[in-house]
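Coordinate analysis (summary)
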Amino acid sequence: MLGIIDVGGANRAVFADGVFDRLLEEGIMADYCIGVSAGAANCISYIAKQKGRNLEFYTKYNFSSRSIGLFAWLKTGGSFVDLNYIYGTLSNSNGKCPLDFEAVKASPAQFKIVATDSETAEPVYFDKSLLQQDDYRAICASSCTPEVCKPYPYNGRRYFDGYVSDPLPVERALSDGCDRLVIILTLPKTHMRSSRSFERQAEKLKKYPAISGKLKQGADLYNRELQLCLELEEAGKALILHPEFVQLHPLEKDKSKILALYQEGYEKGAKVKDFLKASQCTWE
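These remarks concern the structure in this document. (Residues numbered from 1 in each chain as written. Predicted model: local features only at pLDDT ≥ 70, side-chain atom pairs only at ≥ 80, totals over all residues. Heavy atoms only, no water.)

**Considering the pairing of strand β3 (residues 110–117)**
Of all eight residues making up β3, seven are buried, and the element is well covered by its neighbours. Hairpin connection from β3 to strand β4 (residues 123–127): five residues lie between these consecutive antiparallel strands, with A121 at a positive phi of about 65°. Relative to strand β6 (residues 157–161), β3 runs antiparallel, the two sharing three bridges. Each bridged residue has a counterpart across the sheet, and for D117 the counterpart in β6 is Y159. (Buried < 20%, exposed > 50% of the residue type's maximum accessible area, 1.4 Å probe, protein only. Helix = DSSP H or I, 4+ residues; strand = E, 2+ residues; numbered from the N terminus. Pairing = 2+ DSSP bridges.)

Printed below as a string of structure tokens:
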């Protein structure tokens, strides 16, 4: 079973968006997708076969004060990103950038969304079956970055971004049955994370003790999962796609930089077809 992992990364995830658009152009559809944060939003547009849809968000709607900033904070009562606006108002059937949910529902591809329970700091994997027309709150939960958002309420629990508990969900993809993986990273695959940035985040989030504690382990968690990815690639069971050198802030406002990173992803997406041939996978 061919799986795709998208780690997200706010506006840096436009690299993965370029990869997905290339796959759609070449008619390649995976059996399984798992996404973290913005990676989940990329995955669902890919499953819906809506080439170019997410690029609108990265180059247009993410620049809006209604989406991100002080106005969003006032509107939401304390979150600098208005997730309900992005994944609700804009994405609903009557929105400016609607998701083709009927296509998502009809797709045979499995789809998992990674979020983090705000009380336990354990990963939660939402299944595609939980989504409904104009109800994409599971993606909101996965995208709720703790530094800039209040925990997101969903089905009686509150959640933060999936990167806190499972930033690179390769083990989950393997346990769900994937034997070939395309892994799309935000950072170069040689880049092991340092604990410094995670510790700074942890200090700011002491009012969520479990989340703060998990973040202190963040570098070790990511690096361990990345090492597994590298071992799978060495064994011919994975293809890791990544930008060569990233100078893009997660909330980057320079559209030319965003488009350049998208183009890099689009070009590197061409490697997937060769990987599938080498690993004797088929695609629709």
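**A look at the state of the cysteines**
Enumeration according to the criterion identifies zero disulfides in this entry. Of all cysteine sulfurs, the one in C144 lies closest to C149, which takes part in no disulfide; the gap is 4.5 Å. (Disulfide = S-S within 2.5 Å.)

**Quick notes on the nonpolar core**
Counting residues in each nonpolar core, the largest one holds 95 residues, and the members touching the most others are I4, I5, Y46, F111, L168, L181 and I183. Ignoring anything within four residues of it in the chain, the contact list for I4 reads F20, L23, A30, Y32, C33, I34, Y46, V182 and I184. (Core = buried A, V, L, I, M, F, W, Y, C linked by side-chain atoms within 4.5 Å. Contact = heavy atoms within 4.5 Å.)

**Let's talk about a nonpolar patch on the surface**
There is a patch of nonpolar side chains on the surface, built from L70, W73, L74 and F80 and spanning about 410 Å² of accessible area. Within the secondary structure layout, W73 lies in helix α4 (residues 70–76). Accessibility expressed as a relative area gives 34% for W73, which makes it partly exposed. (Patch = residues over 30% accessible without salt bridge, like charges linked within 9 Å, V, L, I, M, F, W, Y side chains within 5 Å. Areas by Shrake-Rupley, 256 points an atom, 1.4 Å probe, with all protein chains shown as cover. Salt bridge = Lys/Arg side-chain N within 4 Å of Asp/Glu carboxyl O.)

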